[in-house]
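Coordinate inspection notes
Take a look at the letters that make up each chain.
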Amino acid sequence: MYDVHETDVLIVGGGLVGLSAALFLEWHGVPAVLVERRDTTSPQPKARRINLRTMELFRQIGAEPDVMAAAAALADFEGMAAGRTLVEAERLSWGHGEDDGSPALSPSDSCLCAQDTLEPVLRALASERGADLRFGHRVLEVVDDGSSVTATVRTPGGRVAAIRARYLVAADGPHSPVRERLGIARSGRGTLGRSTNVYFEADLSAQVRGREFNLCQIEHPEVPSMLLTVDGAWRWLLMADPVPGRDHAGWARAVRTATGVPDLDVRIRSALDWEPGMFVADRFSVGRVFLAGDAAHVMPPYLAAGANTGIQDAHNLAWKLAHVLAGAAPESLLDSYQDERHWLGWLTADQASAQTANLRQLGAESGDGTPLHDPVALLLGYQYPSGAFVPDGSRAPLDRVELTGQPGTRLPHHRLGPDRSTLDLVGRGLTLLAARGTWERAASATPGVEHRAVDDPAWAASVGITGTGALLVRPDHVVAWRCPAAPGNAASALSEAVAVVMSGHG
Ligand SMILES: Cc1cc2nc3c(=O)[nH]c(=O)nc-3n(C[C@H](O)[C@H](O)[C@H](O)COP(=O)(O)OP(=O)(O)OC[C@H]3O[C@@H](n4cnc5c(N)ncnc54)[C@H](O)[C@@H]3O)c2cc1C
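On a predicted model such as this, the values are computed, not experimentally measured, just so you know.

Here we look at the packing of helix H2 (residues 52–60) against helix H3 (residues 64–71)
It is at 7 Å that the axes of H2 and H3 come closest, and there the two elements cross at 130°. Relative to H3, H2 is oriented oblique. Across the interface between the two elements, Met 55, Phe 58 and Arg 59 from H2 touch Glu 64, Val 67 and Met 68 from H3. A breakdown of the residues in the contact of H2 with H3 according to their chemical character gives four nonpolar, no polar and two charged.

Focus: the site of the ligand
By nearness alone, 33 residues border the ligand, and Glu 36, Val 139, Asp 294, Ala 307 and Asn 308 come closest of all. Residue Val 17 places a main-chain N or O atom 3.1 Å away from an oxygen atom belonging to the ligand. A distance of 2.9 Å separates an oxygen atom of the ligand from a polar atom in the backbone of Asn 308. Burial of the ligand by the protein chains amounts to 93% of its free accessible area of 1,000 Å². Looking at the shell around the ligand, the elements with two or more residues in it are helix H1 (16–27), strand S2 (32–36), strand S8 (138–144) and helix H8 (306–325).

What to know about helix H7 (residues 248–259)
For H7, which comprises twelve residues, the first-to-last C-alpha distance of 16 Å matches the rise-based estimate of 16 Å (1.5 Å per residue) to within 8%. Taken together, the buried positions of H7 are occupied by Gly 250, Trp 251, Ala 252, Ala 254, Val 255, Ala 258 and Thr 259. Looking at the buried side of H7, the elements it contacts are strand S12 (195–201), strand S13 (215–218), strand S14 (225–229), strand S15 (235–240) and strand S16 (267–274). Positive phi shows up at Gly 260, right after H7, with a value of about 80°.

Comments concerning the packing of aromatic side chains
For the structure on display, the rule yields eight aromatic pairs. Pairing Trp 343 with Tyr 384 gives two aromatic rings, centres 6.3 Å apart and planes at 75°, and the pair type is edge-to-face. Of the two residues, Trp 343 is situated in helix H9 (residues 335–354) and Tyr 384 in the loop between helix H10 (375–381) and strand S21 (415–417); the sequence distance between them amounts to 41 residues. Since its relative accessible area comes to 2%, Tyr 384 is described here as buried. An aromatic cluster is defined as three or more aromatic residues linked by ring pairs; in this entry it consists of Tyr 167, Phe 284, Phe 290 and Tyr 337. The ring centre of Phe 135 lies 3.7 Å from the NZ or CZ of Arg 123, which sits over that ring. Directly above the ring of Trp 251 sits Arg 246, whose terminal nitrogen or CZ lies 4.5 Å from the centroid.

Section: empty space enclosed by the protein
Under the criterion given, the structure shown has three cavities of 30 Å³ or more. Within this model, the largest cavity holds a volume of roughly 160 Å³. The wall of the largest cavity is formed by 15 residues, among which Asn 51, Ala 305, Thr 348, Leu 378 and Leu 379 lie closest to the centre. Elements with a minimum of two residues in the lining of the largest cavity: H8, H9 and H10. Grouping the amino acids of the lining of the largest cavity by side-chain chemistry returns eight nonpolar, five polar and two charged. Its boundaries defined by the atoms lining it, the second largest cavity holds a volume of some 90 Å³. Lining the second largest cavity we find Arg 53, Leu 57, Gln 312, His 315, Asn 316, Arg 341, Tyr 382, Tyr 384, Arg 410, Asp 476 and Val 478. Breaking the lining of the second largest cavity down by element, the ones donating at least two residues are H2 and H8. When residues in the lining of the second largest cavity are grouped by element, the largest group, three residues, is from H8.

How each quantity is defined
Residues numbered from 1 in each chain as written. Predicted model: local features only at pLDDT ≥ 70, side-chain atom pairs only at ≥ 80, totals over all residues. Heavy atoms only, no water. Axes fitted to C-alpha atoms, helices over the stretch in contact; angles between N-to-C directions. Helix = DSSP H or I, 4+ residues; strand = E, 2+ residues; numbered from the N terminus. Parallel < 35°, antiparallel > 145°, perpendicular 65-115°, else oblique. Contact = heavy atoms within 4.5 Å. Nonpolar A, V, L, I, M, F, W, Y, C, P; charged D, E, K, R; others polar. Near = heavy atom within 4 Å. Polar contact = N/O pair within 3.5 Å; in protein donor to acceptor, adjacent residues only side chain to side chain. Areas by Shrake-Rupley, 256 points an atom, 1.4 Å probe, with all protein chains shown as cover. Expected span 1.5 Å × (residues − 1). Buried < 20%, exposed > 50% of the residue type's maximum accessible area, 1.4 Å probe, protein only. Phe/Tyr/Trp six-rings, centres within 6.5 Å; stacked < 30°, edge-to-face > 60°. Lys NZ or Arg CZ within 6 Å of the ring centre and 35° of its normal. 1 Å grid on protein atoms, 1.4 Å probe; cavity = no way out; pocket = protein on both sides within 12 Å on 5 of 7 lines; lining within 4 Å. Points joined across faces, edges and corners; volume = space filled by probe spheres on them.

Structure below.
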């Protein structure tokens, strides 16, 4: 027999997605335990672009200042460059590319913050807020008995213990042992290439000054590659074609060629082979287990969307788990996780796969005829086809951002004052945005709904309602119901809409 620890949610995996899940669940007051098999956070920088939407989620839980502080070193590194070597590279004319939302679209800004810098920030924040994070703990087995899910876990001392939870979030990465155990198949375009990530240290400050870059395309025929900044000064990543048998000394020579600095003092930290590809789990949930992040969808890094989409999965799931665990919604609300996130995970992975890896051709048509959507629409302007909202027949396009309060889209950002947005009005439950009076009374008669006054005809018109209408918004900023004008019995209309939203099947 071994110890059994009971909790509401067990998170497997302490990468960016698992740590974010711990923070989102903590914000909703859900008891959770996170187990991570490594003793530390990831030593690899990998993801660096933290997009606008993810920053909005961090803003909601009060983590935005910490993330921005960690990203400060790369604030001037938004640009792109290309050339035969680093010293010959010229800046390309455009900036963010994958994430160029204007301040009119969001109260937040995207940033560059390497994964090995960001994970410790999220870990520290989650610990400070009282999250139960157990590094050095490996999940060995997972059993879902229909009323709970039990994981056997090997602890750092080699003991085996059990954690029993009402639900399990598998954020255990691309090879997800939990997904494998559940036998969930994956579909998609499969492997799309091979690459070696050479993570190295070198003082390139003199060569970089004046041409600060996020990505620098190296066009040297001996080392066609991409140079990525990690901290803007000392740590760098070279993504190059694999060369069988090449050792660290060989990669150090390749770095000197790519940078154009023959006597550069280089220390190779690691040279890891990996295969970009598209693999999307056919189901994002089975029973009490939910897949998030790379466990659910692996995609090439060309849209910088892998970790971001995963963090957004966790945010979508956290409020649903919180409501079901609190008895405020039936379990069927959780079905909407599959409907909403599988659709978006597939779409994003497919778009990332269709992108060119050539910086000089970014934004050009895909090689295989896949229509490329507007990257900002893919990030902020999409509309779930079905899920936990009341559809009204409206559609949001993907060739431009057109957010007008359509149910299933993200609430449009409307500035309410200096650094204050309509997104900031959204709370932990359902939020009803409307003028005072009728809707205020209707909300106070409806459990789980809070009224927030927005008395602005321009705002009302921008979201497709009249001065007497209302917009019901979910805790993840998604519009749940749009009522163009107050009906005779507002309280009854509101409670009917809430029932549809919480059923998960609008
Ligand atoms: C070169 C490169 C550049 C990229 N750039 C970007 C970018 O700019 N933006 C972006 O959004 N994404 C980017 N990505 C993708 C991003 O790195 C991944 O999508 C992201 O790391 C996935 O996070 P995750 O938490 O889902 O999985 P992981 O980071 O893989 O974490 C999973 C965790 O689960 C743990 N685990 C596994 N099994 C067990 C077990 N049995 N018990 C306990 N713990 C377990 C693992 O140890 C690991 O820590 C990039 C990827 C690459 C390779």
